[in-house]
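Listed below, chain by chain, are the residues.
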Amino acid sequence: MTPTRLEITRPDDWHLHLRDGDALASVIAHTAQRFARAIVMPNLKPPVTTVAQAEDYRRRILASLPAGARFRPLMTLYLTENTPVEEIARAKASDSVFAVKYYPAGATTNSDSGVRELSRVHAVLEAMQKHELPLLLHGEVTDPDVDIFDRERVFIERYLLPLQARFPALRMVLEHITTRDAVEFVRGAPANVAATITAHHLLLNRNALFAGGIRPHNYCAPILKRETHRVALLQAATSGDAHFFLGTDSAPHPREAKETACGCAGLYTAHAALELYAEAFEQAGRLDRLEAFASFHGADFYRLPRNRERIALERTPWMVPDLYPLAGSTCTPMRAGESVAWSLVETTTP
Ligand code: NCD
Ligand code: ZN
């Protein structure tokens, strides 16, 4: 029988888009209510490429937190072909930057400054391997000749395997994995390789993109895949394997930027992030493994202490609003106008 209450160590979100300015102020509370820390993506316009920029961004995040919130943003740098090798030592020495994000140029929202040719960043990767600074990978090829549903698998074959052979000790996180191929690669990899999994890729397959008509709010990068892949992700997330941990990839966009002829990629899930993961774990009959996935594996990989606070969920359904404010506009969240089975109850200090 499903328990009606679930209390776990307060979790962390190891892949999050917080945006900036008024949009940041609109979304930050949802994350801070649930998570103690989050790895904050650097794909702002312009991207966060230096430690100095990351520290400024960190201050803006802290300034936008609601009064009394205890939330720690963990910053990342956006890797470009012009990133100086010395920036890696600076990042490692800082107490604010925890990883470097690799976007193949053009793969997703605000990725134009990303890497076109991996060989041009080899010296930087060498430094990251030496300093043990994790590389976070958006693992998709951008080659328009490759079918969009195959872009993750082809990335693993074409780029990830050679990268791993060249930098065997590099700490890497394959972000927001979406395929059985990625699950198998990561499961078989040594402990310096890990993966994040989103709630939406655990709960939705690609049919959700076309349920009765085109559904722009379910469009994200990497795109939703077929059911066999969703099942493989759910199995991996609930397996207890420490290679896999929580990363929401919550990525808010104004409604009008998604409901248009060429809509942006990204699902907003921060408003119900942990609750949605609980649904997925319940579906797999493995609620007992949510805590390790959400609160232990990521902290262990990043070599940060596990949180001591606790958080409780209750099996009480609630209705997600049709929209949330987002800067001067609105954002349509995942499950808009529908129910989520679990609700957030409270947090307690030890
Ligand atoms: C992200 C965004 O909007 O910043 N979009 C998404 O679909 N996940 C970028 C990203 O992580 O790919
Ligand atoms: Zn992302």
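Each residue is numbered by its place in its chain's sequence as written, counting from 1. Chains carry letters and ligands carry numbers; both start at the beginning, A for chains and 1 for ligands, and go up in the order they are written. Note on the predicted model: pLDDT of at least 70 is required for a residue's local features to be given, and 80 or more for side-chain atom pairs to be given and counted; whole-chain, interface and lining totals, by contrast, use all residues. For side-chain calculations, the full set of non-hydrogen atoms in the structure is used, while hydrogens and water are omitted.

- In the annotation of an unreviewed UniProt entry, the protein is listed under the name Dihydroorotase and assigned to Rhodanobacter denitrificans.
- Check the Function (unreviewed entry) section of the UniProt entry for the protein; it says "Catalyzes the reversible cyclization of carbamoyl aspartate to dihydroorotate."
- The heading Catalytic activity (unreviewed entry) in the UniProt record of the protein holds the text "(S)-dihydroorotate + H2O = N-carbamoyl-L-aspartate + H(+)". UniProt positions are given in the numbering used here, feature names are shortened, and annotations may be inferred rather than shown by experiment.

1. Re unusual backbone geometry
Step number 1: With an omega of -5°, the peptide bond running from Lys-45 to Pro-46 counts as cis.
Step number 2: Numbering of helices and strands runs from the N terminus, with a helix taken as a DSSP run of H or I at least four residues long and a strand as a DSSP run of E at least two residues long. Structurally, the position occupied by Pro-46 is in the loop between strand 3 (37-40) and helix 2 (51-64).
Step number 3: Omega for the peptide link from Ala-221 to Pro-222 comes to -10°, which places this bond in the cis form.
Step number 4: Examined against the element boundaries, Pro-222 turns out to sit in the loop between helix 7 (199-203) and helix 8 (227-237).

2. Concerning the coordination of the zinc ion (ligand 2)
Step number 1: Taken together, His-15 (NE2), His-17 (NE2) and Asp-249 (OD) make up the protein donors of the zinc ion (ligand 2), found 2.0 Å from the metal.
Step number 2: Its four donor atoms give the zinc ion (ligand 2) angles of 90 to 144° at the centre, a pattern that matches the irregular case.
Step number 3: Donor criterion used throughout: N, O or S atom within 2.8 Å of the metal, extended to 3.2 Å for Na, K and Ca. Water excluded; incomplete-looking sites may result. Counting the intervening residues between successive donors of the zinc ion (ligand 2) yields the motif H-x1-H-x231-D. Taken together, the residues span a long stretch of sequence, with His-17 in the loop between strand 2 (13-16) and helix 1 (21-34) and Asp-249 in the loop between strand 9 (244-246) and helix 9 (255-258) at a distance of 232 residues.
Step number 4: Residue classification places His-17 among the buried positions, given a relative accessible area of 7%. Any site counts as irregular unless it has four donors with all angles between 85 and 135 degrees, making it tetrahedral, or four or six donors with opposite ones more than 155 degrees apart and the rest between 65 and 115, making it square planar or octahedral. Type-normalised accessible area, obtained with a 1.4 Å probe on protein chains alone, sets the label of each residue: buried when under 20%, exposed when over 50%, and partly exposed for intermediate values.

3. Points about the site of ligand 1
Step number 1: Residues are labelled near a given molecule or strand when at least one of their non-hydrogen atoms is within 4 Å of it. Taken together, 15 residues lie around ligand 1, and Asn-43, Thr-108, Ala-221, Asp-249 and His-253 are the ones closest in.
Step number 2: Any pair of nitrogen or oxygen atoms within 3.5 Å is treated as a polar contact; in protein, a donor-acceptor pairing is required on top of that, and neighbouring residues in sequence qualify only through side-chain atoms on both sides. Within the side chain of His-138, one N or O atom sits 3.4 Å away from an oxygen atom of ligand 1.
Step number 3: His-253 has a polar side-chain atom sitting 2.8 Å from an oxygen atom of ligand 1.
Step number 4: Alone, ligand 1 offers 310 Å² of accessible surface; in the complex the protein occludes 100% of this.
Step number 5: Its residues assigned to classes, the shell around ligand 1 comprises four nonpolar, nine polar and two charged. Only the protein chains shown count as covering a residue, and every accessible area follows the Shrake-Rupley method with a 1.4 Å probe. Asp, Glu, Lys and Arg are counted as charged, while Ala, Val, Leu, Ile, Met, Phe, Trp, Tyr, Cys and Pro are counted as nonpolar; the rest, among them Gly, fall into the polar class.

4. Points about the sheet that holds strand 6 (residues 135-137)
Step number 1: A pair of strands is treated as paired once DSSP finds two or more bridges between them. Pairing in this open sheet of eight strands is parallel, and the strands run 2-3-4-5-6-7-8-9 from one edge to the other. This sheet does not close on itself; its edge strands, each paired only once, are strand 2 and strand 9. Going from strand to strand, the sheet's axes swing by 30° on average, the running direction of each strand aside.
Step number 2: Both strand 7 (residues 172-174) and strand 8 (residues 193-197) contribute to a ladder of three bridges, which runs parallel. Across the sheet, Val-173 pairs through a bridge with Ala-194, a residue of strand 8. Axis lines are fitted through C-alpha atoms, for helices just across the contact stretch, and the angle between N-to-C directions can take any value from 0 to 180 degrees.

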